[in-house]
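Inside the fold
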Amino acid sequence: MDDSTEGELYDGVRSQFPLSFGKQSKSQTPLEAIHNATRRSISLSSINPTPPPPPPPGSNDYDDDDDDDDDGEMIGPPPPPPAANLTSDDEEDSDEDEVGKRFRIPITNEIVLKGHTKVVSALAVDHTGSRVLSGSYDYTVRMYDFQGMNSRLQSFRTLEPSEGHQVRHLSWSPSADRFLCVTGSAQAKIYDRDGLTLGEFMKGDMYIRDLKNTKGHITGLTCGEWHPKNKETILTSSEDGSLRIWDVNDFKSQKQVIKPKLARPGRVPVTTCAWDRDGKCIAGGIGDGSIQVWNIKPGWGSRPDVHIEKSHSDDITALKFSSDGRILLSRSFDGSLKVWDLRKAKEALKVFEDLPNNYGQTNITFSPDEQLFLTGTSVERESSTGGLLCFFDRVNLELVSRVGISPTCSVIQCSWHPKLNQIFATVGDKSQGGTHVLYDPTLSERGALVCVARAPRKKSIDDFEAKPVIHNPHSLPLFRDQPSRKRQREKILKDPMKSHKPELPMTGPGFGGRVGTTQGSLLTQYLMKQGGMIKETWMEEDPREAILKYADVAAKEPKFIAPAYAETQPEPVFAKSDSEDEEK
């Protein structure tokens, strides 16, 4: 059988089946329309050089060009100078395209993961890019799954790690099967991928002065990160002035305690900490403004290998190593971002000012190829600009672009995922919070592209549910439990007579131990007293005289004792005297 007859045979078989054979897919909204709905109105605001001022009116800068033109006279107005060849909008668009093509920044479209009621202070995206964790000042952690989420962008689980404590940092393990949650309490928690608690680390004894002798942190945590390679090791920093390395399998005590070098003995808080890419180096931001770096090697201790004194004038909020371990970025409350070369760390390579920062969790991150690094800015009362995401060129050490994320909320945490090629930025203020996901349909993969294109499931006829009739036998009087006596007991407690409330001590005139204006507890006593029928003289009499007053009466008329024994008592017989003298 040759190829022509085989093709004709297949065409004949295929022609027997209608085009509508099989399950028909419903008409869906085209992806272009979906992504147009999420397109940002202002995708990028580049930092443009100031154009030269236009020439003054009346001056002609092109007189010399007319002399050089040998072909003939110029028709029409003279062409504008090269610098003024573009309008402001054209300049912005051209610079935007140039920056976007050069660095491939995915910022054309945007979605927002909502749900928090306060600032979103912590962010963690797993290495595959399928799950996102966001922690907030509202004490909760929300878990989002791009694969199971539709265009409503709702979280599938909400956790409250420590009641009444802000969530300050989240970190995935290298295998993304567990994550670390650091809150304002002294104990960090470990959760599995689905949000179930695996354990809580030990809290130290606050009355032990030497921090190396305690089994854990004694005050609130500030930061924590999982080891980038070893899935059994994590690092935490605390306000008690120490960094600790923990073994995930042992929640009762840490592996090692690192005490930073201080000019004076005391407890200075460690505001942030970070691993390098290989987990061989630890950096800590100290409350005295210094940055200290420790190399992990056999026999290493608390003495730092790199000590940068007075690196910032205020608390350090984030540190970030480059992949080669030579460059260290630092972010601080003083509104600056500094680039340090660890080989010569006496002075910063570059200082970027005018980056307001009002939150202790504002971080820095690199782009996947590390040509750029980015950070967020906070909203200030006097300024008119909102929360921005600032991109910096690592090679030229200059500000490349600013992206407006929110007009009223500050940008705290940011992350550029290498596999998804999407940028995550958390924002918020005192009343709201969310996570903005920036992407480009032509540059990004999966992640936001998956959930945006998935419409919410519509109800069909098969979803009808009949309301069941519930028969409760225990609602019948025969099976009903005895009524609760709680209200009756509360009523009795409020009644001083039924609750046997003790009487108050006397503070004024009274009678019989009771205080009252009537000098007595009964109306009859009051009336008889007012009429003079009751005279209270017993309090002024002598008890002995009161008893002897009735002695003569008792002798003459024995009413009480003698009549009782009259019948049973024998007649008394007295002895008679024999002598007459005695009788006389």
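The rules behind each value
- Residues numbered from 1 in each chain as written.
- Predicted model: local features only at pLDDT ≥ 70, side-chain atom pairs only at ≥ 80, totals over all residues.
- Heavy atoms only, no water.
- Pairing = 2+ DSSP bridges.
- Helix = DSSP H or I, 4+ residues; strand = E, 2+ residues; numbered from the N terminus.
- Axes fitted to C-alpha atoms, helices over the stretch in contact; angles between N-to-C directions.
- Salt bridge = Lys/Arg side-chain N within 4 Å of Asp/Glu carboxyl O.
- Buried < 20%, exposed > 50% of the residue type's maximum accessible area, 1.4 Å probe, protein only.
- pLDDT = per-residue confidence, 0-100.
- Contact = heavy atoms within 4.5 Å.
- Phe/Tyr/Trp six-rings, centres within 6.5 Å; stacked < 30°, edge-to-face > 60°.
- Patch = residues over 30% accessible without salt bridge, like charges linked within 9 Å, V, L, I, M, F, W, Y side chains within 5 Å.
- Areas by Shrake-Rupley, 256 points an atom, 1.4 Å probe, with all protein chains shown as cover.
- Lys, Arg positive; Asp, Glu negative; His and termini not counted.
- Charge placed at Lys NZ, Arg CZ, Asp CG, Glu CD.
- Polar contact = N/O pair within 3.5 Å; in protein donor to acceptor, adjacent residues only side chain to side chain.

1. Notes on the sheet that holds strand 28 (residues 422-428)
Taken together, the four strands give an open sheet; going across it, the order is 2-29-28-27, and neighbouring strands pair in antiparallel fashion. With partners counted over all chains shown, the strands left at the sheet margins are strand 2 (109-116) and strand 27 (410-417), one partner each. Between one strand axis and the next, the sheet turns through 20° on average, direction left out of account. Note: strand 28 against strand 29 (residues 433-439), six bridges, orientation antiparallel.

2. Here's the deal with the pattern of salt bridges
Oppositely charged side chains are able to pair whenever their charged atoms sit close together. The full count for this structure, using the stated rule, is 13 salt bridges. With its nearest N and O atoms 3.4 Å apart, the salt bridge here joins K259 to D210. Placement of the pair is K259 in the loop between strand 14 (256-258) and strand 15 (270-275) and D210 in the loop between strand 10 (197-200) and strand 11 (221-226), with a sequence separation of 49 residues. Residue classification places K259 among the partly exposed residues on the basis of a relative accessible area of 32%. A salt bridge links K229 to D278; the nearest nitrogen and oxygen atoms lie 3.3 Å apart. Of this pair, K229 sits in the loop between strand 11 and strand 12 (233-238) while D278 is found in the loop between strand 15 and strand 16 (281-286), placing the two residues 49 residues apart along the sequence. You can call K229 exposed: its relative accessible area is 53%. Judged by relative accessible area, which is 38%, D278 ranks as partly exposed. Sharing partners across several salt bridges, the network here consists of R131, D145 and D194.

3. As for the confidence of the model for the protein
Low pLDDT means the predicted coordinates in that region are not meant to be read closely. Looking at the protein as a whole, the pLDDT averages 78, with 76% of positions reaching at least 70. Note that residues 6-27 has pLDDT below 50 and, in this model, two contacts with residues that lie over four places away or in other chains. Across residues 43-78 the pLDDT falls below 50, and counting only partners more than four positions away or on other chains, this stretch makes 34 contacts in the model.

4. Considerations on the packing of aromatic side chains
One pass over the structure, following the stated rule, counts 11 aromatic pairs. Between F352 and F373, the aromatic rings sit 6.2 Å apart at their centres with planes inclined by 65°, giving edge-to-face as the arrangement. Here the residue F352 occupies a position in strand 22 (residues 350-352), and F373 occupies one in strand 24 (residues 372-376), the gap between them amounting to 21 residues. A residue is classified by how much of its surface remains accessible, and F373, at 1% relative accessible area, is buried.

5. What about unusual backbone geometry?
Note on backbone geometry: most residues besides glycine have negative phi, and most peptide bonds are trans. Positioned with a positive phi, D354 is a non-glycine residue whose angle comes to about 55°. For D354, the location among the structural elements is in the loop between strand 22 and strand 23 (364-366). Positive phi values are uncommon outside glycine, yet L397 reaches one of about 55°. Here L397 lies in the loop between strand 25 (387-393) and strand 26 (398-406).

6. Digging into the pairing of strand 12
Most of strand 12 sits inside the fold, with six of its six residues counted as buried. Across the two faces of strand 12 the burial is the same, with T233, L235 and S237 and I234, T236 and S238 all buried. Across five bridges, strand 11 lies against strand 12 in antiparallel orientation. The residue bridging E225 from the neighbouring strand is L235, located in strand 12. Counted between consecutive antiparallel strands, the loop separating strand 11 from strand 12 contains six residues. Judged from the five bridges that link them, strand 12 and strand 13 (residues 243-247) form a sheet pairing that is antiparallel.

7. Quick notes on a negative patch on the surface
Where like charges cluster on the molecular surface, the negative patch consists of E540, E541, D542 and E545. Relative to the helices and strands, E540 is located in the loop between helix 7 (523-530) and helix 8 (543-548). E540 gets classed as exposed once you look at its relative accessible area, which sits at 70%.

8. Quick word on the side chain of S367
Within the secondary structure, S367 sits in the loop between strand 23 and strand 24. Contacts of S367, omitting those with residues within four sequence positions, involve L372, L374 and W416.

9. Topic: the side chain of S311
Tracing the chain through its elements places S311 in the loop between strand 18 (306-308) and strand 19 (316-321). Residue S311 is classed as buried on the basis of its relative accessible area, which comes to 1%. A polar side-chain atom of S311 sits 2.6 Å from the main-chain carbonyl oxygen of G289. Once residues lying within four places of it in the same chain are set aside, the contact partners of S311 are G289, S290, I291, I316, K338 and W340.

10. Points about the environment of C390
Tracing the backbone through its elements, the reader meets C390 in strand 25. Owing to a relative accessible area of 1%, C390 belongs among the buried residues under this scheme. Residues C390 and V400 lie 10 residues apart in sequence; the distance between their C-alpha atoms is 7.7 Å. In this structure, C390 is in contact with L355, F373, L374, T375, T377, L399, S401 and R402, ignoring residues within four places of it in sequence.

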